[in-house]
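# Breakdown of the fold
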Amino acid sequence: MTKSVFITGAATGIGRATALLFAQRGYLVGGYDLNEDGLRVLAADITAVGGTPVVGHLNVTDADEVAQRLAEFTQTSGGRLDVLINNAGLLNAGRFEEISLDVHHREIDVNVKGVVNGLYAAFPYLKATPGAVVVNLASASAIYGQAELANYSATKFFVRAITEALDLEWGQYGIRVIDMWPLYVNTAMTKDVKTGTTQSLGIRLTAQDIATDIVAAVDATWARRLVSQVHFPVGIQAKALALGARFSPAWLTRLVNKGLAGS
Ligand SMILES: NC(=O)c1ccc[n+]([C@@H]2O[C@H](COP(=O)([O-])OP(=O)(O)OC[C@H]3O[C@@H](n4cnc5c(N)ncnc54)[C@H](O)[C@@H]3O)[C@@H](O)[C@H]2O)c1
């Protein structure tokens, strides 16, 4: 039986790279996004690597549309949903009070409510598919609250928390729930971003780096399964920050983050 993956925000960046990698591995790929031009390019590229694309418009903030797209996709996949990737996201950088309230709210709608909508609608299909996995795109900004990314960082803490909680709740159905913690990735999202931490840490990762780690996390080794790894920092920098935050006293973690942010 062909495995299937449903990816939100698949038209560009990390979602697109992940869609192509799963297509190369023989998965039936459902790529969904607001950006339909990007999806047309993705569909052609999936076909070019020998896959069968399923693409469609989706606004993750619209719960009814999320449910509708998942119902259509699982009709095509014979009811299977092996992997759900909640990837669609927005990032607005700058000092908290200088970003309009509407923009903060929109970021919460997409990064928080969009993920809730995906999880909620996908649950019956995940439950019906042995070995199903949910991958949520959190971020290294879910390790410690980030200056000049306060609201974004807070949305990623939400993703971290719901991942941890549902890993516990859904384990009984055989559903793994994990999240990825990349630091800055060179995509459209970070194109015009200049913050203290982009200056101090740089933008070093590619979308392909994250896609590679997502596929590896889904096909987890027995060692990772044995310890039920939930969080997957991506890249050396995020791994070092995650390790530091776990073993340093709180005052030191704060000081490191203050120093990196230059604030
Ligand atoms: N780029 C980074 O530095 C970075 C770092 C850590 C985590 N992430 C996370 O990875 C994910 C993907 O980021 P990216 O860098 O590929 O960004 P991107 O901007 O290249 O791609 C995001 C995609 O999401 C889509 N999207 C936005 N709002 C949507 C909505 N309401 N409904 C459906 N689709 C929507 C966009 O059209 C776009 O195609 C995000 O959740 C982001 O927060 C990114």
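All of these numbers come straight from a predicted model, not from anything done at the bench.

Cut-offs and rules
- Residues numbered from 1 in each chain as written.
- Predicted model: local features only at pLDDT ≥ 70, side-chain atom pairs only at ≥ 80, totals over all residues.
- Heavy atoms only, no water.
- Helix = DSSP H or I, 4+ residues; strand = E, 2+ residues; numbered from the N terminus.
- Buried < 20%, exposed > 50% of the residue type's maximum accessible area, 1.4 Å probe, protein only.
- Contact = heavy atoms within 4.5 Å.
- Near = heavy atom within 4 Å.
- Polar contact = N/O pair within 3.5 Å; in protein donor to acceptor, adjacent residues only side chain to side chain.
- Areas by Shrake-Rupley, 256 points an atom, 1.4 Å probe, with all protein chains shown as cover.
- Nonpolar A, V, L, I, M, F, W, Y, C, P; charged D, E, K, R; others polar.
- UniProt positions renumbered as here; feature names shortened; annotations may be inferred.
- Pairing = 2+ DSSP bridges.
- Axes fitted to C-alpha atoms, helices over the stretch in contact; angles between N-to-C directions.

Another point: unusual backbone geometry. The backbone of Glu 148 shows a phi angle near 70°, a positive value even though the residue is not glycine. With respect to the secondary-structure elements, Glu 148 resides in the loop between strand E5 (133-137) and helix H5 (150-170). Even without glycine at this site, Ser 228 takes up a positive phi of about 50°. In this fold, Ser 228 is placed in the loop between helix H8 (222-226) and strand E7 (231-234). The exposure class of Ser 228 is partly exposed, given its relative accessible area of 46%.

The next subject is the side chain of Asn 86. Positionally, Asn 86 belongs in strand E4 (residues 83-86). By relative accessible area, which is 3% here, Asn 86 ends up buried. Look past the residues within four positions of Asn 86 in its chain and what remains in contact with it is Thr 8, Gly 114, Val 115, Gly 118, Leu 119, Val 134, Val 135, Asn 136 and Leu 137.

Further remarks concern the site of the ligand. Around the ligand sit 29 residues, and of these Asp 33, Asn 87, Tyr 152, Val 185 and Thr 187 come closest. Tyr 152 places a side-chain nitrogen or oxygen 2.6 Å from an oxygen atom of the ligand. Thr 187 has a polar side-chain atom sitting 2.6 Å from an oxygen atom of the ligand. For the ligand, the accessible surface in isolation is 830 Å², of which the surrounding protein chains cover 94%. Listing elements by their share of the shell around the ligand, those giving two or more residues are helix H1 (13-24), helix H4 (101-127) and H5. Residues of the shell around the ligand, tallied by class, amount to 17 nonpolar, nine polar and three charged.

What follows concerns the side chain of Thr 197. Within the secondary structure layout, Thr 197 lies in helix H6 (residues 196-201). Given a relative accessible area of 3%, Thr 197 falls into the buried group. Excluding anything up to four places from it in sequence, Thr 197 contacts Gln 146, Tyr 184, Gly 202, Leu 260 and Ala 261.

What follows deals with the UniProt feature "domain: Ketoreductase" (unreviewed entry) in the chain. When the UniProt feature table is mapped to this numbering, "domain: Ketoreductase" (unreviewed entry) covers residues 3-184. Taken end to end, residues 3-184 is 48% helix and 18% strand, and its first and last C-alpha atoms sit 30 Å apart.

Pairing is parallel across the open sheet formed by seven strands, whose spatial order is E3-E2-E1-E4-E5-E6-E7. Looking at which strands have only one partner, the edges of the open sheet turn out to be strand E3 (53-57) and E7. Across the sheet, the mean angle from the axis of one strand to that of its neighbour is 15°, orientation sign disregarded. Across five bridges, the pairing between E5 and strand E6 (residues 176-182) is parallel. Counterpart to Val 135 in the pairing with E6 is Ile 178. Each of E5, E6 and E7 touches H5; the most contacted strand, E6, lies at about 155° to it.

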